[in-house]
Structure formats: structure tokens, C-alpha cells
Amino acid sequence: MLNCTHDAAGEYAALQARGAAFLGTEHAIMAGAMSWVSERHLVSAISNAGGFGVIACGAMPPALLEAEIAATQAMTDKPFGVNLITMHPQLDELVQICLRAKVTHIVFAGGIPPGPAIRAAKDGGAKVVAFAPALVLAKRFVKSGVDALVIEGSEAGGHIGPVSLTVLAQEILPHIREVPVFVAGGLARGEAILGYLEMGAAGAQLGTRFAASVESIAHPNFKQAFLKANARDALPSVQIDERFPVIPVRGLVNEGTKRFMRHQAEVLKKFQNGELDKNAAQLEIEHFWAGALRRAVIDGDVENGSVMAGQSVGMVTSIQPVAEILADLRAQALAALVARAAKA
Ligand SMILES: Cc1cc2nc3c(=O)[nH]c(=O)nc-3n(C[C@H](O)[C@H](O)[C@H](O)COP(=O)(O)O)c2cc1C
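None of these values were measured; they are calculated from a predicted model. (Residues numbered from 1 in each chain as written. Predicted model: local features only at pLDDT ≥ 70, side-chain atom pairs only at ≥ 80, totals over all residues.)

K.L.:
Could you clarify how one ought to interpret the overall build of the protein in this entry?
P.N.:
From N to C terminus, the protein includes 14 helices and 11 strands. In terms of overall dimensions, the protein is globule-like: its C-alpha atoms have a radius of gyration of 20 Å, near the 20 Å expected for 344 residues. Taken along the three principal axes of its C-alpha coordinates, the protein extends 75 × 45 × 40 Å. Counting every position in the protein, which comprises 344 residues, the buried fraction comes to 47%. For the protein, the share of sequence-separated contacts (at least 6 apart) that also reach a separation of at least 24 residues comes to 65%. (Helix = DSSP H or I, 4+ residues; strand = E, 2+ residues; numbered from the N terminus. Rg over C-alpha atoms; globule rule 2.2 N^0.38 Å. Buried ≥ 20, exposed ≤ 12 C-beta atoms within 10 Å, placed from the backbone. Contact = placed C-beta atoms within 7 Å.)

Encoded structure:
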């Protein structure tokens, strides 16, 4: 039995080796950046525990990001990344802030990263990570010099694409060997991560489980909402009219998500009777969620705020320290390998 466990550890280390080497960590586990949640305390705790924390820059202005990076560096000497949203109006400046602070990994999210931003980050010595929502884009990113990819399935919390991780993994993992690929969306157990590593993933990215950790600064109401929720409670936002697109965001159904449907119906009525033109109506729909994530995460208003969460929320059953979450994931993967070896 002891021998078996030892082999399992070696086998798991080999499966994680590429991802761990890329991140410079013990575990090939990235904590997905989460606006308002992924700040100095959570990011440093994850990196100190052997995972890879990522600061969510979100809409922060450059000076605020600079301060957050410095504060995180004061709390850990382990590697961590910074997630930049590609449509941020000061993207180039943010890249320079990361480079000046010697951030090792820059993750571009929220769209196709512009070539000059990729080049600037690489020329400055950072590794570049991008989200690939389809195989053609994955290939294009590899050609443009991206060092690693994240494929995030629609099971994930926050802004999502239309395709599940089950399908993205089959479409992309067998065809991208040039760079490490990390899988994300709906992951909460080590057996699942093991399965994707065996399919060729270099590692995994999790968000929801870390948002509900002890070290997360999210309001206790936010964490309690995660504890109570089942997978089926984490649904994508609903668009009621094809002329007025709604960016799909997965989160817990609450009073806010119900009001959003009524809000869209009211705006639509105003558009139909000529009170609002198309642009104004679209803006009214988009403005509904302004500040809503902060309201839920920081203020604890989980009824009216945006409680972004992945389907993995159903597997959040206690508020654990991040080190324990990482240890659990590893133990579950090892147990699966041991059980398999025992059957053979
Ligand atoms: C509360 C919350 C906020 C998020 N904010 C961001 C963000 O600002 N930028 C980003 O790239 N991804 C964001 N995400 C996605 C995560 O980084 C991660 O990819 C996702 O949570 C993985 O799926 P999981 O929640 O099922 O683990 C967010 C997710 C959650 C739950």
C-alpha cells in the first residue's frame, strides 16, 4: 500500500510537472482572478500555499494596481500573476506597471489580447497567458507568442463563453502541445483535475472554491450564499430580446437577477414606444449591473448584488483555508491513482 501511494505521488507530480514549472509553483493550480476578491490577501495566501494566485486588476487605475502589486509582494515572495482586462483603456500602462514591478506572469482576459500588448509584456520579461475560447483562437495565440492558455468552460463563474469545459478540452487539448494549457470551469475535486491532466492539460484554474476560502476577503454573507447554493442555482444571466445583447455572466439567482429580467422588459417597452433609442436602451440594460459585484462581495448584499459563482459552488461545503483546499485536491487525485493501481 505504501509503495502504491509513493508511486501515485510520483505519477501525479509528473502529470503536474509542466504546469508547475511554468507557474514556478508546487501545485499546477491557478486561482482564477476574481474582481474584488482576488486582492493581496487571497493572492498571497494561495501563492504561499504552493498554488498560483492572480490579482484581478478589473477596472483599477494604474496607480491602484501598482499599490496592490507592491502590497502582495510584501506578503509573499512566491510567484503570482496579474489579470488584465483587454478593453481597459489604459492597458499599455498597466502592462508597464506589471513589468516595472517584475510581475512574472500577465494574464490577458475579456477578449483577444492586442499584439502590441503581448509583445510589450514578453519583451519586458513576463510570461503571457491568454484565454482561448476555441481551437482557431488557441492556434492564433500560440503563433502570436502567448506562453500558455486557459480554456474556460461555461460552467465557470463570472463572464462565460457558450461552450462547456468537457467539449473545449476535447477540441483543444489534443491539438495544442506547443504551450501549457490550463483548464477552468466547474472544477472542485482532484479526480476531475487528474482526468484533465491525463488528457494533456498542464494544470487547472479554479475560482469559486477560493472565493469561499478563509483568506478570501469576500463578505461573510457572500461565503454563506456559496455554502447554501447548489450547482443549479448558479445560472447565466438571461437576455430577453435578441436586439439587446446581454453578456452572459454566471452567478447565483437572487432578487437582482429577477429584477434584471423586469428591467429589460421595461427598457424594451420604452424602446418600442419611442421613449428610448436603441443605443440608450442598450446602455440602460448594461448599466443595471454597474457596481453590483462590489455590492455582493464587499457590502454583503447578496440579494441585490451580483453573486458570481461557478456550477462548482454546489461542491463548496465548508469555508476552508486555501492550503487545505489545495491539499484536498491533491489528496483526491492521489486517492484516484491509488485506487486505480489497486485494481490493476
Ligand atoms: C466572483 C467571481 C469573479 C470573477 N471575476 C473574474 C475577473 O475579474 N476576471 C477573470 O478573468 N475571470 C473572473 N472570474 C472567473 C475566474 O477567474 C475563474 O476562471 C472561474 O471562477 C473558474 O470557474 P469556477 O468558478 O467554476 O472555479 C470570476 C469568477 C468569480 C466566481
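After that view, the rundown keeps rolling.
K.L.:
Before we go on, may I ask you to explain the site of the ligand in this structure?
P.N.:
In the vicinity of the ligand there are 27 residues, among which Gly32, Gly157, Gly158, Gly207 and Gly310 approach most closely. Of all the secondary-structure elements, those providing two or more residues to the shell around the ligand are β9 (203-206) and α9 (208-211). Of the residues belonging to the shell around the ligand, the class tally is 12 nonpolar, 13 polar and two charged. (Near = placed C-beta within 6 Å. Nonpolar A, V, L, I, M, F, W, Y, C, P; charged D, E, K, R; others polar.)

K.L.:
It is not clear to me how the pairing of strand β8 (residues 181-184) should be interpreted in this structure. Could you clarify?
P.N.:
Remark: a regular strand shows side chains that alternate across the two faces of the sheet. Both faces of β8 are covered, namely the face carrying Val181 and Val183 and the face carrying Phe182 and Ala184. Bridging between strand β6 (residues 148-152) and β8 involves four bridges; their strand directions are parallel. Directly across from Glu152, in β8, lies its bridge partner Ala184. In terms of strand pairing, β8 meets β9 through three bridges, oriented parallel. When the sheet's bridge partners are listed, Val183 is paired in β9 with Ala204. (Pairing = 2+ DSSP bridges.)

K.L.:
Honestly, the environment of Leu268 in this entry has me stumped. Any pointers?
P.N.:
Within the secondary structure, Leu268 sits in helix α11 (residues 255-272). Sequence separation between Leu268 and Arg18 is 250 residues, and the spatial gap between their C-alpha atoms is 50 Å.

K.L.:
Would you explain helix α2 (residues 40-48) in this entry?
P.N.:
The periodicity of an α-helix, 3.6 residues per turn, causes residues three or four positions apart to be oriented the same way. Of all the nine residues making up α2, seven are buried; the element is thus mostly covered by neighbouring parts of the structure. Tucked inside the fold, the buried residues of α2 contact β1 (29-31), β2 (54-56), α3 (62-75), α9 and α14 (322-343). Taken from the residues just after α2, Gly50 is the one with a positive phi, measuring 100 degrees.

Remember that the coordinates give geometry; whether it matters functionally is a separate question.
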